[in-house]
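Structural description and commentary
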Amino acid sequence: MLQFEDFVVGESVHTRGIAVSQDDIIAFASRYDAQDFHTDPEAAKASFVGRLIGSGWHSCALLMRLIAEDFLLGSTAMGAPGIDEVKWLRPVFPGDVLSARRTVLETKASRSRPEMGLVRFRFELLNQRDEPVLEQTNWIMFGRRGSDVAAQPSGDWLAHAPHYERPASESPLIAPAEAPEPTRFFEELEIGRRYELGSFVFTPDEIVAFARSFDPQPFHMDEVAARTSLFGQLAASGWHTAAVWMATMVSHRKRQLAMTTGRPARLGPSPGFRNLRWSKPVLAGDCITYFSEVADKRESASRPQWGLFFHRNTGVNQRGEEVFSFDGCVFVERKPA
């Protein structure tokens, strides 16, 4: 059982590989990131990459699965407060075999909770050519040696392969009552403009379906085991909360396109995000409403036909409490002359 004291700065460990098929990419994206270049091989030929690629959020979820297999399920892990930064470095293609490498960057004992320590990791998701496709840095909390923090309950948590299967009973995305405005080019974006993207109820079926593929920790998969966890009841994976944000964003974008007359403003790729925080757990039955605000924008020096806009994204539960936030950026087309 790995505890806080077992992690040594500089230590690096490589995991097994997971083969990613076209069906895997489409299955995940159809639920959480239904853009053509993730779901339609023919339509993807006209995209910025020119072929079908995996969602960046799918890559994050697969990294989480590898981390859970590698060491979390055999440790005194107590969760992660958030993610400092994710960089999407290369696309993931059908047929890629992805593995993970974890490196310990820093360790520190908690001053306020002596039974706990924090470990800062760099995680890299690597393809079969050993090229990094994703880099992630974040802290994870662990119980210390001699404390009463127990390892996670034993069980067959890895019985399900890392291939997403939608639950028999699905929770629908709930669109806002107000119709969205049409798409906007870079010059037309208003800093400070806030958009409601949509809402989603995290049912037990939804929580377990995501967790069994990507975050198979007991408190995400088993109601009995969850009662003895820090959450006290079944809780959604943080990556599930993030993936649903993406689903509401895509749904919002499609509603915008339906309101647009003339040629719409195209969106390009996102290089990644920063400061992702899970400020409160998302528990079974919670309804989370997602928002996105234009925080800043700047012209692109390398792509003169495009600009970058920066957005602050949040999720709020039915009690008005913020449960999720992150800072993202994406390329957006400039207005034609």
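Read on for an overview of the structure. (Residues numbered from 1 in each chain as written. Predicted model: local features only at pLDDT ≥ 70, side-chain atom pairs only at ≥ 80, totals over all residues. Heavy atoms only, no water.)

1. Comments concerning the overall build of the protein
Spelled out, the test is: Every helix listed is a DSSP run of H or I at least four residues long, and every strand listed is a run of E at least two residues long, numbered separately from the N terminus. For the radius of gyration, the atom set is restricted to C-alpha positions; the globular benchmark scales as 2.2 Å times the number of residues to the power 0.38. Note on exposure labels: buried denotes an accessible area under 20% of the residue type's maximum, exposed denotes more than 50%, and partly exposed covers the range between, all computed with a 1.4 Å probe on protein chains only. By definition in these notes, contact holds between two residues if any of their heavy atoms fall within 4.5 Å. Shrake-Rupley sampling with a 1.4 Å probe provides the accessible areas, and residues are treated as covered by the protein chains on show and by no other component.
Looking only at helices and strands, the protein features 7 helices and 10 strands. For 337 residues, the compact-globule estimate of 2.2 N^0.38 gives 20 Å, and the protein sits close to it at 20 Å. Along the longest, intermediate and shortest principal axes, the C-alpha atoms of the protein span 65 × 45 × 40 Å. Burial status across the protein gives 51% buried among its 337 residues. For the protein, long-range pairs separated by at least 24 residues make up 75% of all intrachain contacts whose partners lie at least 6 apart in sequence. Carbon together with sulfur atoms contributes 51% to the accessible area of the protein, which is approximately 15000 Å² in total.

2. Concerning the packing of helix α3 (residues 56-70) against helix α7 (residues 238-259)
Put simply, the rule is: Between N-to-C directions, angles cover 0 to 180 degrees, with each direction set by a line fitted to C-alpha atoms, over the stretch in contact for helices. When an angle is under 35 degrees it counts as roughly parallel; over 145 it counts as roughly antiparallel; between 65 and 115 it counts as roughly perpendicular; any other value is oblique. For this scheme, ten residues count as nonpolar: Ala, Val, Leu, Ile, Met, Phe, Trp, Tyr, Cys and Pro. Four count as charged, namely Asp, Glu, Lys and Arg, and the remainder, Gly too, count as polar.
The geometry of α3 relative to α7 is characterised by a closest axis approach of 10 Å and an angle of 170° between their N-to-C directions. In terms of orientation, α3 and α7 fall into the roughly antiparallel class. On the side of α3, the interface is formed by W57, C60 and M64, while α7 contributes W239, A242, W245 and M246. Of the residues that constitute the contact of α3 with α7, the class distribution is 7 nonpolar, no polar and no charged.

3. Regarding unusual backbone geometry
One non-glycine residue, D130, lies in the positive phi region at around 65°. In this fold, D130 is placed in the loop between β4 (116-126) and β5 (132-143). The phi dihedral of N275 is positive, around 55°, even though this residue is not glycine. Examined against the element boundaries, N275 turns out to sit in strand β7 (residues 272-277).

4. Quick look at the pattern of salt bridges
For side chains bearing opposite charge, pairing can occur when the charged atoms are close. Just so we agree on the cut-off: The term salt bridge refers to a pairing of a side-chain nitrogen on Lys or Arg with a carboxyl oxygen on Asp or Glu at a separation within 4 Å.
By the definition in use, this model includes 26 salt bridges. Across the pair E333 and R263 runs a salt bridge, and its minimum N-O distance is 2.9 Å. With a gap of 70 residues between them, E333 in strand β10 (residues 322-333) and R263 in the loop between α7 and β7 connect regions that are remote in the sequence. Among the residues examined, R263 registers a relative accessible area of 46% and is labelled partly exposed. What emerges from the salt-bridge pattern is a single network uniting R31, R166, E170 and E206.

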